[in-house]
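Tertiary structure, described
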Amino acid sequence: APAKARDSVPDNYDYDLLVIGSGPAGQRAAIQAAKLDKHVAVVERKAVVGGVCINTGTIPSKTLREAVLYLTGYRERGIYGASYTVKQNITMSDLLLRTNFVMSHEIDVTRSQLMRNRVEVISGEAAFIDAHTIRLRYISGGYRDVTAATIVIAVGTTATQEPHIPFDGQRIFISDDILHLDQLPRSLAVVGAGVIGLEYASIFAALGVKVTLIDKRDRLLPFVDGEIMDTLAYHLRENRVTLRLGEDVQAIEPNYDDHGDRVRILLKSGKQIVTEKALYSIGRTGATDSLNLPAVGIQADDRGRITVNENYQTVVPHIYAVGDVIGFPSLASTSMEQGRLAAAHAFGHPTSSLPSLYPYGIYTIPEISTVGRNEEELTRQDIAY
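Right, let's walk through the structure included here. (Residues numbered from 1 in each chain as written. Predicted model: local features only at pLDDT ≥ 70, side-chain atom pairs only at ≥ 80, totals over all residues. Heavy atoms only, no water.)

Quick word on the sheet that holds strand β13 (residues 272–275)
Here we have 3 strands laid out as an open sheet, ordered β11-β12-β13, and antiparallel in their pairing. Each having just a single partner strand, β11 (249–253) and β13 make up the two edges of the open sheet. For this sheet the average axis-to-axis angle between neighbouring strands, irrespective of direction, equals 15°. (Pairing = 2+ DSSP bridges. Helix = DSSP H or I, 4+ residues; strand = E, 2+ residues; numbered from the N terminus. Axes fitted to C-alpha atoms, helices over the stretch in contact; angles between N-to-C directions.)

If you want it as structure tokens, here you go:
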């Protein structure tokens with residue numbers, strides 16, 4: 001049964017609210033509580049605020065995409081022809097010039113928002129000691145224990161990595177490594193045709209990279225209308241992307257040829273794909289390993305996700321979880337709203353609930369937008385759309 005909101009907060013804690021994680025969900029939870037005149041701190045284990053959204057995921061990938069669209073002249077090719085480009089020989093440095101500028105600006109905006117609302121930002125890693133006590137291990141060394149009346153877990157996710165894949169960050173890498181690539185590959189295999197895999201496959205293809213997209217499902221993004229995904233597949237093939245759907249990856253071998261600059265991917269069907277680099281993108285896992293959740297009786301699932309009720313409370317009523325760590329829909333906009341609603345509920349502040357329909361933006365090239373149920377779902381449910 002959902003717990004009741006707290007009527008009053010005891011004054012024998014260091015903080016009224018402690019938020020673990022400074023991504024969109026954590027930021028909004030902290031700022032909402034601060035606006036209710038609560039004593040709030042945010043713990044961030046990286047040296048900069050903003051979480052995956054600003055530092056490795058949402059903002060960098062969309063900025064990288066915009067740089068690609070501009071430098072390749074992609075949007076103007078309908079007028080000037082398929083060979084038109086703004087810049088010849090585009091490098092990773094060209095792409096990262098814009099990306100790094102936008103990232104540093106967004107980090108500065110986030111830190112300014114938190115400071116303006118008198119939210120304390122602590123650089124360190126958090127782990128539960130008990131239901132109200134958190135041990136903070138500082139980036140600079142040392143630790144201390146702090147207490148909080150209410151705690152919000154907003155740690156986000158990390159790219160899922162299989163132990164048998166020999167990741168090296170350059171030849172075989174995850175999406176978080178893209179900003180650290182030393183050069184653009186001539187060929188790239190993308191393992192996993194989820195939203196992230198599709199976005200990067202189309203971005204690299206627009207740069208002229210020969211892309212092979214591998215996924216064990218028989219169709220792209222089943223939650224999106226089939227005709228739309230067929231159209232995206234057409235555009236991907238127009239950009240020389242090879243689709244290998246219904247294929248399972250058995251192994252990835254680095255240093256395949258004599259020069260050590262090729263990767264070989266072995267598929268269960270017996271096919272082999274030889275490529276310069278491989279992006280492994282089979283989903284995200286909640287970043288809950290270091291939280292010591294068993295100390296408070298909270299159990300994460302096999303993908304590190306935490307179960308919550310309609311008010312974003314865990315099985316421990318004063319501990320909330322919001323954002324990507326609770327799973328679907330894992331959108332920055334909804335995560336922000338989850339954080340705001342959790343903090344409002346914790347301190348008995350009446351507020352409206354989340355909408356039932358979520359708009360999606362999928363930043364492939366070309367991009368996709370969708371809201372509500374797709375055509376196949378409506379047909380199965382006998383709804384005369």
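With respect to the environment of M103
By the secondary structure assignment, M103 is in helix α5 (residues 92–116). Owing to a relative accessible area of 11%, M103 belongs among the buried residues under this scheme. Sequence-wise, M103 and T63 are 40 residues apart; in three dimensions their C-alpha atoms are separated by 8.8 Å. (Buried < 20%, exposed > 50% of the residue type's maximum accessible area, 1.4 Å probe, protein only.)

Overview of the pairing of strand β12 (residues 263–267)
Within β12, 5 of the 5 residues are buried, leaving the element largely enclosed by the surrounding structure. Here 4 bridges tie β11 to β12, and the two strands are oriented antiparallel to one another. Along β12, the bridge assignment pairs I252 with I265. In the sheet, β12 pairs with β13 via 4 bridges, with the strands oriented antiparallel. Bridge assignment links L266 to a residue of β13, and that residue is Q272.

Comments concerning the packing of aromatic side chains
Inspection of the entire model under this criterion finds 3 aromatic pairs. For the ring pair F167 and Y280, a centre distance of 5.5 Å and an interplane angle of 70° mean the geometry is edge-to-face. Residue F167 is found in the loop between β6 (157–159) and β7 (172–173), and its partner Y280 is found in strand β14 (residues 277–280); the two are separated by 113 residues along the sequence. Judged by relative accessible area, which is 23%, F167 ranks as partly exposed. Pairing F223 with Y360 gives two aromatic rings, centres 5.6 Å apart and planes at 45°, and the pair type is tilted. With F223 in the loop between β9 (210–215) and α7 (226–238) and Y360 in strand β17 (residues 359–362), this residue pair connects regions lying 137 residues apart in the sequence. (Phe/Tyr/Trp six-rings, centres within 6.5 Å; stacked < 30°, edge-to-face > 60°.)

A few points about the environment of A149
Structurally, A149 is set in strand β5 (residues 143–153). Overall, the relative accessible area of 0% leaves A149 in the buried class. Taking the C-alpha atoms as reference, A149 lies 40 Å from G197; in sequence the two are 48 residues apart.

Quick look at the sheet that holds β9
The 5 strands lie next to each other as β7-β14-β8-β9-β10, forming an open sheet whose pairing is parallel. Of all strands in the sheet, those bounded by a partner on one side alone are β7 and β10 (242–245). Inspection of the sheet shows β7 paired to β14 by 2 bridges, in the parallel sense. Within β14, the position partnered with F173 by the bridge is L279. Contacting β8 (187–191), β9 and β14, helix α6 (residues 195–206) crosses the sheet at an angle of about 165° to β9. (Contact = heavy atoms within 4.5 Å.)

Some points on the side chain of D215
As for its placement among the helices and strands, D215 is situated in strand β9. Among the polar contacts listed, one links the side chain of D215 to the backbone nitrogen of A193, at a separation of 2.6 Å. Residues within four places of D215 in sequence aside, it is in contact with G192, A193, G194, R244, L245, G246 and E247. (Polar contact = N/O pair within 3.5 Å; in protein donor to acceptor, adjacent residues only side chain to side chain.)

Here's the deal with the packing of helix α1 (residues 24–35) against α5
Packed helices, taken two at a time, are described by the angle their axes make and the gap between the axes. Two numbers describe how α1 lies on α5: the axes approach to 10 Å, and their chain directions differ by 25°. Comparing their axes, α5 and α1 come out roughly parallel. Every pair of crossing elements has a handedness; the one defined by α1 and α5 is left-handed. Contacts between α1 and α5 involve Q27, R28, A30 and I31 from the first element and T110, Q113 and L114 from the second. Partitioning the contact of α1 with α5 into residue classes produces 3 nonpolar, 3 polar and 1 charged. (Parallel < 35°, antiparallel > 145°, perpendicular 65-115°, else oblique. Left-handed = near helix turned anticlockwise from the far one by under 90°. Nonpolar A, V, L, I, M, F, W, Y, C, P; charged D, E, K, R; others polar.)

A few points about the environment of V68
With respect to the element layout, V68 can be found in helix α3 (residues 58–71). On the basis of relative accessible area, V68 is assigned to the buried category, the value being 0%.

Points about the pattern of salt bridges
Should their charged atoms come close, side chains of opposite charge can pair. Summed over the entire model, instances satisfying the criterion amount to 16 salt bridges. Note that R65 and E367 form a salt bridge whose closest N and O atoms lie 2.8 Å from each other. You can see R65 sitting in helix α3 and its partner E367 sitting in the loop between β17 and β18 (368–371), a full 302 residues away along the chain. Salt-bridge contacts for R262 lead to D261; the nearest nitrogen and oxygen are separated by 3.8 Å. Take D261: its relative accessible area is 24%, and that puts it in the partly exposed class. (Salt bridge = Lys/Arg side-chain N within 4 Å of Asp/Glu carboxyl O.)

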